Amino acid sequence: MQLLVNIDHIATLRNARGEGYPNLVKAAEICEQAGAAGIVFHLRSDRRHIKDADVFDLKNSVQGTIDFEMAATDEMIGILKEVNPHLCTLVPEGREELTTEGGLNMEVVFDDFKQRVFPAIRKTNIEISLFLDPNPYDINLAFELGTDAIELHTGNYANAESDEAQEHELKRLKSAAIQANELGIKVNAGHGLNQQNLKSFIEEVPHLNDISIGHALISDAVFDGLETTVKKYLKLFS
Ligand code: PXP
């Protein structure tokens, strides 16, 4: 299991003033030096945080895993091929959303992914991960597509309003991870994870590989510094 830090909100802060800082490459470097196994960014169609130039700067500087999160548009697939990261995570993208709001609806995207998206990305060596809610139906369709990995959407677990609801979400995540593992699919996870909810998640859900954490970690870093914060998260992994 390894930590990938999503640095989208370093870019959000930089873009607030357009002065070029905080520097994204430096942030990624600090995360890696503190022990993160790699960096995640989401180049959105509206370019609200990460910009095209950032993607290439990060490709040239990050030493560990790069997870390029994106919507499966032809434009993004073109950029993905140029960047050639280790991993791409395909997510749904809505124009009005504040953040990715849920997993892909596999029934809706299946034919398009089968005919257009997978063949295009399969011409490269880039691993494909599909961001999914923890439900068996979507996971079976992801298997039929031949995905390398899924990223389990942990948002409902993270935002659960009662202990019972959180327990229920943990159970769903656990059985989704077991199902994916039995099908030979790598299990990644992310969304809404923080220093309060990470430990129970990791203890309860098996077969985890890449854990992608952004907003809470970058927020904590405002108070504790990026290096210390990454180390604090990593402690929760052990
Ligand atoms: N995984 C995916 C697919 C995401 O869209 C996001 C948010 O950009 C994350 C993980 C990280 O979520 P958070 O910023 O809540 O840690």
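What you are looking at is a predicted structure, and each value in this text was computed from that prediction instead of being measured.

A. Representation of unusual backbone geometry within the structure. Backbone torsion omega between Tyr-21 and Pro-22 reads 0 degrees, so that peptide bond is classified as cis. One can find Pro-22 in the loop between α1 (8-17) and α2 (24-33).

B. Layout of the nonpolar core. The biggest cluster of nonpolar side chains holds 74 residues, and the ones touching the most others in it are Val-5, Phe-68, Leu-90, Phe-113, Leu-130 and Phe-201. Per element, the largest residue contribution to this core is 8 residues, and it comes from helix α5 (residues 106-121). Excluding its chain neighbours within four sequence positions, the residues that come into contact with Leu-90 are Met-70, Ala-72, Leu-104, Phe-113, Val-117, Ile-121, Ile-128, Ser-129, Leu-130 and Phe-131.

C. Region of the structure containing the layout of surface pockets. There is about 520 Å³ of room inside the largest pocket. Mapped onto the lining of the largest pocket, the elements with two or more residues apiece are α1, β8 (208-213) and α10 (215-224). Classifying every residue of the lining of the largest pocket by side-chain character gives 7 nonpolar, 14 polar and 5 charged. Here the second largest pocket defines a volume of roughly 280 Å³. The set of elements that each furnish at least two residues to the lining of the second largest pocket consists of α1, α2 and α10. When its residues are assigned to classes, the lining of the second largest pocket shows 9 nonpolar, 4 polar and 1 charged.

D. Representation of the pairing of strand β7 (residues 186-190) in the model. β7 sits mainly inside the fold: 4 of its 5 residues count as buried. As defined by bridge partners, strand β6 (residues 149-153) adjoins β7 across 5 bridges and the pair is classed as parallel. Among the inter-strand pairings, His-153 is bridged to a residue of β7, identified as Gly-190. Pairing of β7 with β8, which is carried by 3 bridges, proceeds in the parallel orientation. Bridge assignment links Gly-190 to a residue of β8, and that residue is Ser-212. Between the parallel elements β7 and β8, the chain passes through helix α9 (residues 198-204) in a crossover that is right-handed.

E. Representation of the sheet that holds strand β4 (residues 87-90) in the model. Taken in spatial order, the 8 strands line up as β1-β2-β3-β4-β5-β6-β7-β8 and close into a barrel, and their pairing is parallel. The mean angle between the axes of side-by-side strands here comes to 25 degrees, regardless of whether they run parallel or antiparallel. Against the sheet, helix α11 (residues 226-237) contacts β1 (2-6) and β8, and its axis sits at roughly 145 degrees relative to β1.

F. Highlighting the side chain of His-49. Note on placement: His-49 falls in the loop between β2 (38-42) and α3 (52-61). A distance of 3.4 Å separates a polar side-chain atom of His-49 from the backbone oxygen of His-42.

How each quantity is defined
Residues numbered from 1 in each chain as written. Predicted model: local features only at pLDDT ≥ 70, side-chain atom pairs only at ≥ 80, totals over all residues. Heavy atoms only, no water. Helix = DSSP H or I, 4+ residues; strand = E, 2+ residues; numbered from the N terminus. Core = buried A, V, L, I, M, F, W, Y, C linked by side-chain atoms within 4.5 Å. Buried < 20%, exposed > 50% of the residue type's maximum accessible area, 1.4 Å probe, protein only. Contact = heavy atoms within 4.5 Å. 1 Å grid on protein atoms, 1.4 Å probe; cavity = no way out; pocket = protein on both sides within 12 Å on 5 of 7 lines; lining within 4 Å. Points joined across faces, edges and corners; volume = space filled by probe spheres on them. Nonpolar A, V, L, I, M, F, W, Y, C, P; charged D, E, K, R; others polar. Pairing = 2+ DSSP bridges. Right-handed = clockwise from strand over helix to strand, strands pointing away. Axes fitted to C-alpha atoms, helices over the stretch in contact; angles between N-to-C directions. Polar contact = N/O pair within 3.5 Å; in protein donor to acceptor, adjacent residues only side chain to side chain.

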